[in-house]
4 protein chains.
Amino acid sequence: MAAPKPRVGLVGVGAMGAPMAACLIKAGYQVSVFDSNAQRAAAFAQEHGLRPAESLVGLAGQSDAVITILPNSAIVEEVLFGQGGMAPALRRGAVVIEMTSGVPSKTVAFSERLARQGVALFDAPVSGGVPRARTGELTIMAGGEQRDIDAAMPILSALGKVIHTGRIGTGHAMKALNNLVSSAGFLIGIEALLIGSRFGIDPATMVDVLNVSTGMNNSTQKKFKQYVLSRKFDSGFAMALMVKDLTIALGIAHENDVNAPFAELCRNLWAGAGAILGPQADHTAVALLSEQLAGTQIGNTAAPS
Amino acid sequence: MAAPKPRVGLVGVGAMGAPMAACLIKAGYQVSVFDSNAQRAAAFAQEHGLRPAESLVGLAGQSDAVITILPNSAIVEEVLFGQGGMAPALRRGAVVIEMTSGVPSKTVAFSERLARQGVALFDAPVSGGVPRARTGELTIMAGGEQRDIDAAMPILSALGKVIHTGRIGTGHAMKALNNLVSSAGFLIGIEALLIGSRFGIDPATMVDVLNVSTGMNNSTQKKFKQYVLSRKFDSGFAMALMVKDLTIALGIAHENDVNAPFAELCRNLWAGAGAILGPQADHTAVALLSEQLAGTQIGNTAAPS
Amino acid sequence: MAAPKPRVGLVGVGAMGAPMAACLIKAGYQVSVFDSNAQRAAAFAQEHGLRPAESLVGLAGQSDAVITILPNSAIVEEVLFGQGGMAPALRRGAVVIEMTSGVPSKTVAFSERLARQGVALFDAPVSGGVPRARTGELTIMAGGEQRDIDAAMPILSALGKVIHTGRIGTGHAMKALNNLVSSAGFLIGIEALLIGSRFGIDPATMVDVLNVSTGMNNSTQKKFKQYVLSRKFDSGFAMALMVKDLTIALGIAHENDVNAPFAELCRNLWAGAGAILGPQADHTAVALLSEQLAGTQIGNTAAPS
Amino acid sequence: MAAPKPRVGLVGVGAMGAPMAACLIKAGYQVSVFDSNAQRAAAFAQEHGLRPAESLVGLAGQSDAVITILPNSAIVEEVLFGQGGMAPALRRGAVVIEMTSGVPSKTVAFSERLARQGVALFDAPVSGGVPRARTGELTIMAGGEQRDIDAAMPILSALGKVIHTGRIGTGHAMKALNNLVSSAGFLIGIEALLIGSRFGIDPATMVDVLNVSTGMNNSTQKKFKQYVLSRKFDSGFAMALMVKDLTIALGIAHENDVNAPFAELCRNLWAGAGAILGPQADHTAVALLSEQLAGTQIGNTAAPS
Ligand SMILES: NC(=O)C1=CN([C@@H]2O[C@H](COP(=O)(O)OP(=O)(O)OC[C@H]3O[C@@H](n4cnc5c(N)ncnc54)[C@H](OP(=O)(O)O)[C@@H]3O)[C@@H](O)[C@H]2O)C=CC1
Ligand SMILES: NC(=O)C1=CN([C@@H]2O[C@H](COP(=O)(O)OP(=O)(O)OC[C@H]3O[C@@H](n4cnc5c(N)ncnc54)[C@H](OP(=O)(O)O)[C@@H]3O)[C@@H](O)[C@H]2O)C=CC1
Ligand SMILES: NC(=O)C1=CN([C@@H]2O[C@H](COP(=O)(O)OP(=O)(O)OC[C@H]3O[C@@H](n4cnc5c(N)ncnc54)[C@H](OP(=O)(O)O)[C@@H]3O)[C@@H](O)[C@H]2O)C=CC1
């Protein structure tokens, strides 16, 4: 007779957390959920015929594994160690799978703190967005002890494909660094389009050439025509989330005394865009700041009067 | 009876020019070549059983189409308009196909000057490197009048695939802008690897994750493991050529008053690497400057003492 | 009997040119003036009881020395070599004193062109603004042949104090480089005030401390309290003029292959401010862009909501 | 009859601490000293006829006021709260005057921790270097409660002139921000000298012009001729100390979400110089990195070969 499936508690049934919880239910897990937004938790519970956890403590006490998928590490800290937080209720032998896009040094501290009470925590942030959260095809960057990740593999496999990045915190670090590289590819592409536009090259032609040349990157392929040349700016990934990730990436650099001038200016320009355009702006709207600073618009060949 | 093939003169039988001339011969063109390095021209002529042109003037006088594929625009200017240059000898109705990675504003000026004597010139820089020059599979970014490019299409087709980028100079501009985007993707990736290394993530793992995530670009795919992690730094494309292209790209920005802070720092860092490592260094060795400025090495997890 | 004073023609009786011409009249010179704004020239002539020159050619033909004090080098070029320009009318042995804040490489070219007809030209841009133009106490940075500057010294002495900076063009270069250093001192001071404000230090206290410490510069002393903390932004020196000078300074760097990353970002941020705030904005309003990018205001201690 | 003078303990009798302790003795205070370098403490004690404190605890127990003047905040933390640290021995009503160039957020934390046991701490970093430490003419930037600073004023007055910068930590913040502004003035001046040199202007002439124009700052006046043009690079203030101060300044920016792109690149370039030239290099040697990146030297007019 097979061992019973572990009971999973998931905290944060938001844009990502809700479809992830649904995947786990579909895979046969007994899932309970909690959210500070009680209505959202209730709606999810009702839809899937389960009872929402009354409290974080309640959820923690009855779970073998707890998934956190929350806005940021500060909230994870509160949920674990704040007033009414889960830590005291977590059982020896339980595991916390921290899937938030979080701050590595904080994650390391959380892990050390829980280890003292016999609870494992590792980081497992995801990439792929809501569509792949729905289909259980996320990419999961897992940082932590091999044995903890192995033990959680059945749960993780219901959500996506796992890459083990190394020790605790490396998943969070890798996620931030990936977005650093991505955001720089976006920014330099926009500036290239602005320079070329003023010289008189059609922006769509430029994107076509880049895509078959060494200038190719994820933004030239999947974002420029779709969200920028179309002037739609509606990729669905918010400015504030990108700025958060860049801040995490450079925070790692600062804490470890790694001097990275190009990455730093990248962060400064994105953070400037966030400050000017607002955190709710789509991240692709960073192109609007580049246009303002350039004194021209993509597709505009005329010199400024 | 078919019209006779136009006679093609090619100036600059270097790393790129020689295999390109060979492709034209193979396609049935009557080719004559010239090079300031007389031995190189003689060797090529002997190998292909033809007589090298005695002089630029000689070559110009007997060609329907002249290809220039030279180190830079200053040399093109000399070859066209300098003492003993081709311009006076070019025949009304002839075409100059400028395949150097050149400076757009100079190319525009060359074109205007030759137009006065009934000679067309358009820019057609290439990408693909020596391997694709050999197989006739280059990408050719052609900027100029549609009718001139159409007329030259049989010749160009023997060398690769043509994308018409727009008016005169746009081919040169696009080539430089492509390398701007490429060089920035390289630089940010290196800084990300440095930050992640110090945090303790294996560099090869990082490259793997980037390659399946939004951080993907041409350098993460084709350069990092091959030339940087291997410490070989032998891609074959020289630092000086990359710095030249970035200088061209930002020169367009300066001439057109387009303010591009991120691109500018990109150029500054590459130019700094060129100044420190020397023009003959491989362009991938720019990673060595990033390492020095960062105070660490890729793959090195230890903090500086 | 003393030799008669040379006859001086001055082109550009604007904010600077008018009080300078007045100084020369007071010093006993026979002055004629020209301006594309005919009314302005007429008003000046009437006020000082002289006849305005009918044309540039007229002014050139009757002058031993011609002063140009115009918006920029492009206009100087037009006034000298354009249609109806002065060059053909200038007499062998005459001197052109180019007092515009101009582009060194253009000045060198002007000088070479005029030399062929036996006319000397040297650059002599000024610093000190309208107040010192009135009192004849400008600082004049003179670049050119010693003998030309010596010969013009009586004229220059009526306008201010002369520093000989070296060969032709060096006066213009020095003027631009001085403003580069000045503009960077302004910008870094503003960012320091923003950082300190958020931490809770009173801006006026910060300026006081900087002024008695190593952080002291011309902007901390003469601009921050006066134009920024007061929110007046009315120093009288326009954004466009500062951006022009930075563009000249970095243009020298580009033409001479001097890689200057910090100076380049300085120019980019000022040019960005110019693009966003408009050329007519006061240059001290660059602080507004810094505030926007920082996401806070000088004197504002609250974190962004 | 006058109240007896408070007994002062001073921790860190180094280059700054020793002359400061001497000033206090001269002013009539009963001083005891401690240093991790026992020999240095013994030598100072012998020279001034006093007994060195046996331990931190011993010093703390017998002092009304304790001055810390140590390499950095990490060491201050150890000295206060580490094993064998002073905190448990400090008497209710005592004051700690933290004169290290420290990290404001750490200083705030130290202050809060000591407040719980009835001990006050405020920050009072100094500027003026060893010469003014000797003569008791330092500038002291004091951050903390007015009453604490007032109470310590007799002690502080023996060391220099006090400016009250605001709440706890603001002294440390102000000190770092001052050095940020100073270091940027140095860096931009060096780049200007490099650009002007290549154009052919004599560096000493450039410094002279800057010093009488708006480009004037503390470095143009007191450092360029003295330490850079002389190629002596021996100002006595180390690279590592400057980089530490810039790291503190930008650390405040990061903690408070103030985006400061120009300051950030300033820090990156200085930190890069520190990484390449070593922490012991004189801070004025940052000019050597600028020269390397520029591909030229100050005073060198020739273009690179
Ligand atoms: N969206 C995306 O495309 C991707 C997101 N991510 C990362 O995934 C994480 C989650 O993102 P996403 O699902 O989009 O965010 P959402 O805001 O949609 O979901 C977060 C949920 O957590 C709840 N919550 C907030 N505070 C608490 C608390 N103290 N206790 C319990 N619940 C709380 C929120 O409630 P309330 O709304 O009331 O605050 C919300 O329901 C983030 O770290 C993000 O960076 C990663 C990859 C892609
Ligand atoms: N190599 C590559 O992978 C790629 C190169 N390019 C571009 O193609 C162009 C050519 O590059 P590449 O072939 O590598 O360069 P090479 O230096 O190999 O070839 C240039 C040839 O031109 C000759 N030459 C120099 N001056 C004159 C002159 N005044 N008159 C006649 N001939 C002269 C050179 O002779 P000598 O050796 O004596 O100077 C040399 O033989 C460059 O603009 C480059 O940026 C574009 C894509 C890829
Ligand atoms: N203002 C200041 O504080 C300082 C200015 N400078 C420099 O001095 C120079 C002059 O500045 P400023 O006096 O303020 O500028 P103004 O615009 O006040 O004066 C320039 C004058 O030149 C006239 N002009 C323009 N084009 C022509 C032409 N083609 N032929 C004849 N006259 C023409 C203008 O007429 P119109 O108005 O019709 O265009 C105007 O009257 C600039 O290079 C500036 O950078 C240097 C130091 C300080």
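Going by the annotation in an unreviewed UniProt entry, the name recorded for chain A is NAD(P)-dependent oxidoreductase, with Parapusillimonas granuli given as the source organism.

Draft legend 1. Spatial organisation of the domain arrangement of chain A. All names here are of chain A. Domain boundaries assigned for chain A yield domain 1 (7-168) and domain 2 (173-294). Relative to domain 2, the C-alpha centre of domain 1 lies at a distance of 30 Å. In this assembly, 12 residues from domain 1 lie in contact with 8 residues from domain 2. Both faces combined, the contact of domain 1 with domain 2 buries some 750 Å², and carbon together with sulfur accounts for 65% of it. It is S101, P104 and M141 that lose the most area in domain 1 upon contact with domain 2, and together they represent 50% of the buried surface on that side. Connecting domain 1 to domain 2 are 0 salt bridges. The interface formed by domain 1 and domain 2 contains 4 residue pairs in polar contact (both at pLDDT 80 or more). Contributions of two or more residues to the side of domain 1 that touches domain 2 are made by α5 (104-115) and β6 (126-127).

Draft legend 2. Expanded view of the nonpolar core. Within the largest apolar cluster, 212 residues are counted, with the highest numbers of intra-cluster contacts made by L180 of chain A, L180 of chain B, L180 of chain C together with L180 of chain D. Leaving out residues up to four positions away in the same chain, L180 of chain B has contacts with I188, A192 and I195 of chain A together with L246, A249, L250, A263 and C266 of chain B. Formed by 58 residues, the second largest nonpolar core is a distinct cluster that contains A53, I69, A87 and L114 of chain B.

Draft legend 3. Up close: the UniProt feature "domain: 6-phosphogluconate dehydrogenase NADP-binding" (unreviewed entry) in chain A. UniProt annotation of "domain: 6-phosphogluconate dehydrogenase NADP-binding" (unreviewed entry) refers to residues 7-164 of chain A when read in the numbering used here. Strand forms 22% of residues 7-164 of chain A and helix 42%; the C-alpha atoms that close the span are 23 Å apart.

Draft legend 4. Structural detail: the UniProt feature "active site" (unreviewed entry) in chain A. Residues and elements named next belong to chain A. UniProt's feature table lists "active site" (unreviewed entry) at K175, given in the numbering used throughout. Position of K175 among the secondary structure elements: in helix α8 (residues 170-199). Here V126 takes part through its backbone oxygen, which lies 3.1 Å from a polar atom of the side chain of K175.

Draft legend 5. Inspection of the site of ligand 3 at higher detail. Residues and elements named next belong to chain C. A15, M16, D35, R40 and L70 are the nearest of the 22 residues found near ligand 3. Between an oxygen atom of ligand 3 and a main-chain N or O atom of M16, the distance comes to 2.9 Å. At a separation of 3.1 Å, an oxygen atom of ligand 3 approaches a polar backbone atom of S101. Burial of ligand 3 by the protein chains amounts to 80% of its free accessible area of 900 Å². Only α4 (73-81) and α12 (239-255) provide two or more residues apiece to the shell around ligand 3. The element that contributes the greatest number of residues to the shell around ligand 3 is α4, accounting for 3 residues.

Draft legend 6. Structural detail: the interface of chain C and chain D. Contact residues are listed per partner, giving 59 residues for chain C and 58 residues for chain D. Summed over both partners, the interface of chain C with chain D comes to about 5400 Å²; 74% of that surface belongs to carbon and sulfur atoms. Together, I195, F199 and F262 of chain C form the three largest contributors to the area buried by chain C at its contact with chain D, with a combined 17%. Joining chain C to chain D, the criterion identifies 0 salt bridges. Scanning the region where chain C abuts chain D turns up 16 residue pairs in polar contact (both at pLDDT 80 or more). Those elements that provide at least two residues to the side of chain C that touches chain D are β8 (160-166), α8 (170-199), α9 (203-211), α10 (218-222), α12, α13 (261-277) and α14 (286-294) of chain C. It is α8 of chain C that contributes the most residues to the side of chain C that touches chain D, 20 residues altogether. Here the side of chain C that touches chain D is built from residues that sort into 35 nonpolar, 20 polar and 4 charged.

Draft legend 7. Just the packing of aromatic side chains, in detail. All names here are of chain A. Considering all chains together, one arrives at 14 aromatic pairs over all chains under this definition. Consider the rings of F81 and F110, whose centres lie 5.8 Å apart with planes at 50°: the pair is tilted. Of this pair, F81 sits in helix α4 (residues 73-81) while F110 sits in helix α5; the two residues are 29 residues apart in sequence, bridging distant segments of the chain. Looking at F110, the relative accessible area reads 3%, which means it is buried.

How each quantity is defined
- Residue numbers run consecutively from 1 along every chain, following the written order of its sequence.
- Here every chain gets a letter starting at A, and every ligand a number starting at 1, in the order they are written.
- With pLDDT at 70 or above as the cut-off, local features in this predicted model cover only qualifying residues; side-chain atom pairs require 80 or more to be listed or tallied, and sums for whole chains, interfaces and linings still use all residues.
- Only hydrogens and water are set aside; all other atoms, that is, all heavy atoms of the structure, feed into the side-chain values.
- Residue ranges for the domains trace back to a domain assignment, done automatically or taken from a database.
- Note on contacts: a residue pair is in contact if any heavy atoms of the two residues lie within 4.5 Å.
- Accessible area that two parts lose when put together, with a 1.4 Å probe and added across both, is what the buried area reports.
- The term salt bridge refers to a pairing of a side-chain nitrogen on Lys or Arg with a carboxyl oxygen on Asp or Glu at a separation within 4 Å.
- Think of a polar contact as two N or O atoms within 3.5 Å of one another; within protein, one of them needs to be a possible hydrogen donor and the other a possible acceptor, and neighboring residues in sequence only count if both atoms come from side chains.
- Counting from the N terminus, the helices are the DSSP runs of H or I reaching at least four residues and the strands are the DSSP runs of E reaching at least two.
- What makes a nonpolar core is a set of buried Ala, Val, Leu, Ile, Met, Phe, Trp, Tyr and Cys residues whose side-chain atoms join them at distances within 4.5 Å.
- Burial classes: relative accessible area under 20% of the type maximum marks a residue as buried, over 50% as exposed, and values in between as partly exposed (1.4 Å probe, protein chains only).
- UniProt positions are given in the numbering used here, feature names are shortened, and annotations may be inferred rather than shown by experiment.
- Neighbouring residues are identified by heavy atoms, a residue being near a molecule or strand if any of them is within 4 Å of it.
- What sets the accessible areas is the Shrake-Rupley method with a 1.4 Å probe; for residues, cover comes only from the shown protein chains.
- Residues are grouped as follows: Ala, Val, Leu, Ile, Met, Phe, Trp, Tyr, Cys and Pro are nonpolar; Asp, Glu, Lys and Arg are charged; all remaining types, including Gly, are polar.
- Planes of paired rings set the category: under 30 degrees apart is stacked, over 60 is edge-to-face and the rest tilted, where pairs are Phe, Tyr or Trp rings (Trp by its six-membered ring) whose centres lie within 6.5 Å.

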